[in-house]
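# Summary of the model geometry
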Amino acid sequence: MLENDARYQKMTEAPIGKTILELSIPNTVGLLVIAAYSLADSFFVSELGTAAGAAIGVVFPLPVLIQAVGYTLGLGAGSRISRALGKRDSETASTLAASAIVWSLILGCGITAVGLWQEEVLLRLFGASDQIMDLALSYLTPLLWAVPSMCATFVLSQLLRAEGLATYSMIGLAAGSICNIILDPILISSVGMGIAGASTATLISQILSALILFSAYVFHKSALQPFSKIRFGALLWFGKIFVTGLPSLFRQGLSGLATILINHAAKEYSDAAVLALSLVARVFLLVFSLCLGIGQGMMPVVGYSHGAGNTKRQKDAYRFAVRLSTAAMFFISLPLIFWAPEVISLFRDDTEVIKIGSFALRAQCVILFTHGLVTCTILYLQAVGRAFLGTILAAARQGFFFLPLVFLLPWKFGLLGLCLVQPAADALTFLFAWIIKKTRIKYSNSCST
């Protein structure tokens, strides 16, 4: 009880900057290691050839869509949990956690079943060509078996962050990711599994992460007790969790759709184009982890403050997070712009891949600083329960702006235009987020838990 009181006091009274940094650092490390193992897959598999690298690039939308499910449930429940704990309502918070965990397993098992039933159809949808179909199938099958544990891992990590246990969340994610990176070369080369070894490593590592994260509830590290009693009514909370998590569903879900459309467009040029743009997407995911980690570090502070009725604190937390994430993204973009060819060549020493990837990475980095405002605004709106406005903004980047541009720019400028689609969409989204910040964000406590 004393530990829970200290956590409440920290979230509602401790200095804003110090608190957000303490939460953001483990959040960011956890997200970085997730992105790192994704890049490790690309690194080790690309050693098998450009076609193998293109194959995992084609499958990349699946992890993005799994993240959409995980973040929808995790951030949807997490936002409500933070606000409930701000009101000292641990019973409601525990029910929300139980609901999110159970639904992550239900939806994860459903995705696995449908995916295994229609593997080739799924890969065609993702943009696989006949030349890489067999390689993509080999990588996809173990990955599909990993989906339930992946969904649970994303949800559990967000639930722990929502109550301030960011370090425990980081440990669970890091342990699995390090396991994945170690297993990749062993299973791919030493055991001789080839491309299937990379996704088998993911399967093993995600199970490990899920078990470590769940142990927080078993060993009472968490302030919540989601399974201390049978909570059949918890399943009925799905609707409220889903609505609150809608911004995450649109942000991540439309990212998956965008990746699919990029794959389809790039395969018209070459496997090298598919691999190059896939590598840029994975590098961006690594860099974006810094911005997202800061935003997620802000969320529980805003949620607790919202629940406790402290509007000034939630406003200060939002402003601090925007400034910090904008500065971080700006400074990290500079070396990436300068050393773009060297970054791409780390994964595939292919002239065409390096040429395409370097241009696309530089174009993406020029606009990188805009993600601070966009991401923190989405997460702030989610934290205070303004899901509708957050969803509109989340849908803008890969929906309202990306979808017309992905058809218009390649049609007008070819492969050059395809490389510019995402930066152009990001620039327009930044302007939209700035307008929302100036005209629509009101620091009030009108939303209920």
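Each value, and the rule that gives it
Residues numbered from 1 in each chain as written. Predicted model: local features only at pLDDT ≥ 70, side-chain atom pairs only at ≥ 80, totals over all residues. Heavy atoms only, no water. Helix = DSSP H or I, 4+ residues; strand = E, 2+ residues; numbered from the N terminus. Rg over C-alpha atoms; globule rule 2.2 N^0.38 Å. Buried < 20%, exposed > 50% of the residue type's maximum accessible area, 1.4 Å probe, protein only. Contact = heavy atoms within 4.5 Å. Areas by Shrake-Rupley, 256 points an atom, 1.4 Å probe, with all protein chains shown as cover. Lys, Arg positive; Asp, Glu negative; His and termini not counted. Charge placed at Lys NZ, Arg CZ, Asp CG, Glu CD. Expected span 1.5 Å × (residues − 1). Bend = angle between axes of the 7 residues up to and from the residue. Phe/Tyr/Trp six-rings, centres within 6.5 Å; stacked < 30°, edge-to-face > 60°. Lys NZ or Arg CZ within 6 Å of the ring centre and 35° of its normal. Salt bridge = Lys/Arg side-chain N within 4 Å of Asp/Glu carboxyl O. Patch = residues over 30% accessible without salt bridge, like charges linked within 9 Å, V, L, I, M, F, W, Y side chains within 5 Å. Axes fitted to C-alpha atoms, helices over the stretch in contact; angles between N-to-C directions. Parallel < 35°, antiparallel > 145°, perpendicular 65-115°, else oblique. Left-handed = near helix turned anticlockwise from the far one by under 90°. Nonpolar A, V, L, I, M, F, W, Y, C, P; charged D, E, K, R; others polar.

### Section: the overall build of the protein
When its secondary structure is counted, the protein shows 18 helices and zero strands. Rg of the C-alpha trace for the protein: 21 Å, near the compact-globule value of 22 Å for 449 residues, within the 12% margin. Overall size of the protein, expressed as C-alpha extent along the three principal axes, is 60 × 45 × 35 Å. Burial statistics for the protein: of 449 residues in total, 61% are counted as buried. Across the protein, every contact between residues at least 6 apart in sequence was considered, and the portion connecting residues at least 24 apart equals 83%. Of the accessible surface of the protein, which amounts to about 17,000 Å², a share of 70% is contributed by carbon and sulfur atoms. Averaging the coordinates of the 31 positive side-chain charges in the protein and doing the same for the 22 negative ones gives two points 16 Å apart.

### What to know about the side chain of Gln 382
Summarising the element assignment, Gln 382 is placed in helix 16 (residues 371-383). On the basis of relative accessibility, which here comes to 1%, the residue Gln 382 falls in the buried class.

### Regarding the environment of Trp 237
If you trace the backbone, Trp 237 turns up in the loop between helix 10 (195-218) and helix 11 (238-266). The exposure class assigned to Trp 237 is partly exposed, which follows from its relative accessible area of 21%. It is 18 Å that separates the C-alpha atoms of Trp 237 and Cys 151, two residues lying 86 residues apart in sequence.

### Structural notes on the side chain of Thr 112
Its place among the elements puts Thr 112 in helix 5 (residues 90-117). Contacts of Thr 112, omitting those with residues within four sequence positions, involve Leu 144, Trp 145, Val 147 and Pro 148.

### A short note on helix 12 (residues 271-308)
An ideal rise of 1.5 Å per residue puts 56 Å on 38 residues; helix 12 measures up with 54 Å between its terminal C-alpha atoms. Along helix 12, the sharpest kink reaches roughly 35°, centred on Phe 288. Along helix 12, 32 of the 38 residues are buried, which leaves the element largely enclosed by surrounding structure. Downstream of helix 12 by a residue or two, Gly 309 has a phi angle that is positive, lying close to 85°.

### Things to note about the packing of aromatic side chains
Using the criterion set out here, one finds ten aromatic pairs in the structure. Here Phe 284 and Phe 288 contribute two aromatic rings whose centre-to-centre distance is 5.5 Å and whose plane-to-plane angle is 15°, an arrangement assigned as stacked. Taken together, the positions of Phe 284 and Phe 288, both in helix 12 and four residues apart, correspond to about one turn of that helix. Accessibility classification places Phe 284 together with Phe 288 in one group, the buried group. Here Tyr 318 and Tyr 380 contribute two aromatic rings whose centre-to-centre distance is 4.9 Å and whose plane-to-plane angle is 40°, an arrangement assigned as tilted. Separated by 62 residues along the polypeptide, Tyr 318 in helix 13 (residues 311-338) and Tyr 380 in helix 16 bring together distant segments of the chain. This pair shows no difference in class: Tyr 318 is buried, exactly as Tyr 380 is. Cluster of aromatic residues (ring-pair linked, three or more members): Trp 103, Phe 238 and Phe 242. When the ring centre of Trp 237 is taken as origin, the NZ or CZ atom of Lys 240, which lies over that ring, is 4.9 Å away.

### A few points about the pattern of salt bridges
By the definition in use, this model includes five salt bridges. For Asp 316, the salt bridge goes to Lys 312, with nearest N and O atoms at 2.7 Å. Taken together, the residues Asp 316 and Lys 312, both in helix 13 and four residues apart, mark about one turn of the helix. Lys 312 sits in the exposed class, given a relative accessible area of 54%. Overlapping salt bridges, with partners in common, bring together Glu 120, Arg 124 and Asp 130 in one network.

### What about a nonpolar patch on the surface?
On the surface, Ile 178, Ile 182, Ile 186, Val 191 and Met 193 cluster together into a nonpolar patch covering about 440 Å² of accessible area. Mapped onto the fold, Met 193 is located in the loop between helix 9 (166-190) and helix 10.

### Some words on the packing of helix 4 (residues 61-86) against helix 11
It is the contact of helix 4 with helix 11, at a shortest axis distance of 7 Å, that shows an interaxial angle of 155°. In this view, helix 4 runs roughly antiparallel relative to helix 11, as classed from their interaxial angle. Pair helix 4 / helix 11 crosses with right-handed handedness. Broken down by class, the residue content of the contact of helix 4 with helix 11 amounts to 13 nonpolar, 13 polar and four charged.

### Some words on the environment of Pro 341
Within the fold, Pro 341 resides in helix 14 (residues 340-345). Judged by relative accessible area, which is 24%, Pro 341 ranks as partly exposed. A sequence separation of 39 residues divides Pro 341 from Val 302, and the C-alpha atoms of the two residues are 40 Å apart. Aside from chain neighbours lying at most four places away, what touches Pro 341 is Ile 354, Ser 358 and Arg 362.

### Regarding helix 8 (residues 147-162)
The terminal C-alpha atoms of helix 8, which comprises 16 residues, lie 23 Å apart, in line with the 22 Å expected from a rise of 1.5 Å per residue. With 16 of 16 residues buried, helix 8 lies mostly within the body of the structure. Directly beyond the C-terminal end of helix 8, a positive phi value near 100° is found at Gly 164.

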